[in-house]
Amino acid sequence: MITTAIFPSRYVQGSNAIKLLGEELSRLGRKALVIIDPVIFGQFQPLIEEFTAGKVEVYLQGFGGECCNGEIDKHISTATSYQVDLIVGVGGGKTIDTAKATAHHLKLPVAIVPTIASTDAPCSALSVIYTPEGLWERYLVLPRNPDLVLVDTSIIAQAPVRFLVSGMGDALATWFEAEDCQIKRAKNMTGRMGPITAFSLAHLCYETLLEYGVHAKTACEQNVVTPALERVVEANTLLSGLGFESGGLAAAHAIHNGFTVLAETKKFWHGEKVAFGVLAMLILTDRPSAVIDRVFSFCESVGLPTTLADLGLEGVSRDRLFLAAQQACSAGETIYNEPCEITPESVLAALCTADAEGKRLRQL
């Protein structure tokens, strides 16, 4: 049996790592298009210009808000007109995915500078493509991982704590999805089964979250960098990225994709929806009650959703929730990596039961 794992070429993390941006980018090119989340454009423009001066020529362009085909085409056009030899993505998950897709179409290296630790997108050879309205459309599997991921934890610590917590929700899925892929011998994002390295990293991600998650949240609330915050940022970004990509995806992310058909969930972050997907997945796959209790307790302790109401779906009808279950079971979805029978009806049952369990535990 052939197994395959993939990794980013270079990962840099630490407080004030942004000061190394020019040095690190100069390894990859001399002229860069920097795609920046518009919310942080004004804050980061002077930093980027200061720390790349004399090392890399930069052209800054704002991200439009959705990782969709039209947005990607816009950046391809700009990069072509400036004849850049490097693409840089600065911001959150959708900005990052857009930068990766742009670089892919232009066959250029890509550097990623996440400003929040809300997803495992920075390290992966994957872009999630949505419609302009924000509905999940497809996964764009890229031929290689980012050439550089630079994470400044002092910047992460200044972001609203909800982003860090959302990242924990995304990372929480890593071990359970990888474990089920391992049991079923399902393919990872390379189209082959992952090696034991991937499953070990996925499990380390899970244990790091449960050990340090609450303390990392506390540090972020105080806008300070502590060892716990460093560990959780690494779990959210590197361990989760390596674990999901080389271990494999399963039900939790498919359920997230299902939730995108319900307009009420649009205002919630990727990791928040994935976290509830994990809870439903644990029930769907008949995990031991001790595991279910541990994960529900963790989610409550850091503020991740444990009921449908936490995702804006209080009082949602079974018929509408069934639409999300059907979407999660679309042909080709990662939910079929689960080592159990999968139907929209079984997914609906898991969603309803997870919601009821979340409500029950809050009353204890």
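Whatever comes next refers back to the structure up there.
In this text the structure is predicted, and so the values were computed from the model without any measurement.

(A) Fine view of the overall build of the protein chain. A tally of regular secondary structure across the protein chain gives 13 helices and eight strands. Against the 2.2 N^0.38 benchmark of 21 Å for 364 residues, the protein chain shows a C-alpha radius of gyration of 20 Å, consistent with a compact globule. When its C-alpha atoms are laid out on the principal axes, the protein chain stretches across 60 × 45 × 40 Å. With 364 residues in all, the protein chain has 59% of them scored as buried. Long-range pairs, those at least 24 residues apart, make up 79% of the contacts in the protein chain with a sequence separation of at least 6. Surface accessibility of the protein chain: about 14300 Å² in total, with carbon and sulfur atoms responsible for 53%.

(B) Summary view of the packing of helix H6 (residues 161-184) against helix H7 (residues 196-221). Taken N-terminus to C-terminus, the directions of H6 and H7 make an angle of 165 degrees; their axes are 9 Å apart at the nearest point. The pairing of H6 with H7 is recorded here as roughly antiparallel in orientation. Where H6 crosses over H7, the two elements pack in a sense that is left-handed. Counting all contacts with H6, which are made through Val161, Leu164, Val165, Met168, Ala171, Leu172, Thr174, Trp175, Phe176, Ala178 and Gln182, the residues of H7 involved are Phe199, Ala202, His203, Cys205, Tyr206, Leu209, Leu210, Gly213, Ala216, Lys217, Cys220 and Glu221. Counted by class, the contact of H6 with H7 contains 17 nonpolar, four polar and two charged residues.

(C) Focus on the environment of Thr334. Summarising the element assignment, Thr334 is placed in the loop between helix H12 (318-328) and helix H13 (344-362). Its relative accessible area of 11% is what places Thr334 among the buried residues. Each C-alpha atom of the pair Thr334 and Ala250 lies 4.6 Å from the other, and the pair is 84 residues apart in sequence.

(D) Quick peek at the pairing of strand E1 (residues 11-14). Side-chain alternation along E1 places Val12 and Gly14 on a buried face and Tyr11 and Gln13 on a face that remains uncovered. Sheet topology note: the E1/strand E8 (residues 148-152) ladder contains four bridges and is parallel. Within the sheet, the bridge partner assigned to Val12 lies in E8 and is Leu150.

(E) View of the environment of Val128. Its place among the elements puts Val128 in strand E6 (residues 126-130). For Val128, a relative accessible area of 14% translates into the label buried. Taking the C-alpha atoms as reference points, Val128 and Ala101, separated by 27 residues in sequence, lie 9.2 Å from one another. In this structure, Val128 is in contact with Cys67, Asp97, Trp136, Arg138 and Tyr139, ignoring residues within four places of it in sequence.

(F) The arrangement of the packing of H6 against helix H9 (residues 251-259) in detail. For the pair H6 and H9, the least separation of the axes is 8 Å and the interaxial angle reads 135 degrees. Relative to H9, H6 is oriented oblique. Across from Asp170, Ala173 and Glu177 in H6, the residues of H9 making contact are Ala251, Ala252 and His253. The class makeup of the residues in the contact of H6 with H9 is three nonpolar, one polar and two charged.

Parameters at a glance
Residues numbered from 1 in each chain as written. Predicted model: local features only at pLDDT ≥ 70, side-chain atom pairs only at ≥ 80, totals over all residues. Heavy atoms only, no water. Helix = DSSP H or I, 4+ residues; strand = E, 2+ residues; numbered from the N terminus. Rg over C-alpha atoms; globule rule 2.2 N^0.38 Å. Buried < 20%, exposed > 50% of the residue type's maximum accessible area, 1.4 Å probe, protein only. Contact = heavy atoms within 4.5 Å. Areas by Shrake-Rupley, 256 points an atom, 1.4 Å probe, with all protein chains shown as cover. Axes fitted to C-alpha atoms, helices over the stretch in contact; angles between N-to-C directions. Parallel < 35°, antiparallel > 145°, perpendicular 65-115°, else oblique. Left-handed = near helix turned anticlockwise from the far one by under 90°. Nonpolar A, V, L, I, M, F, W, Y, C, P; charged D, E, K, R; others polar. Pairing = 2+ DSSP bridges.

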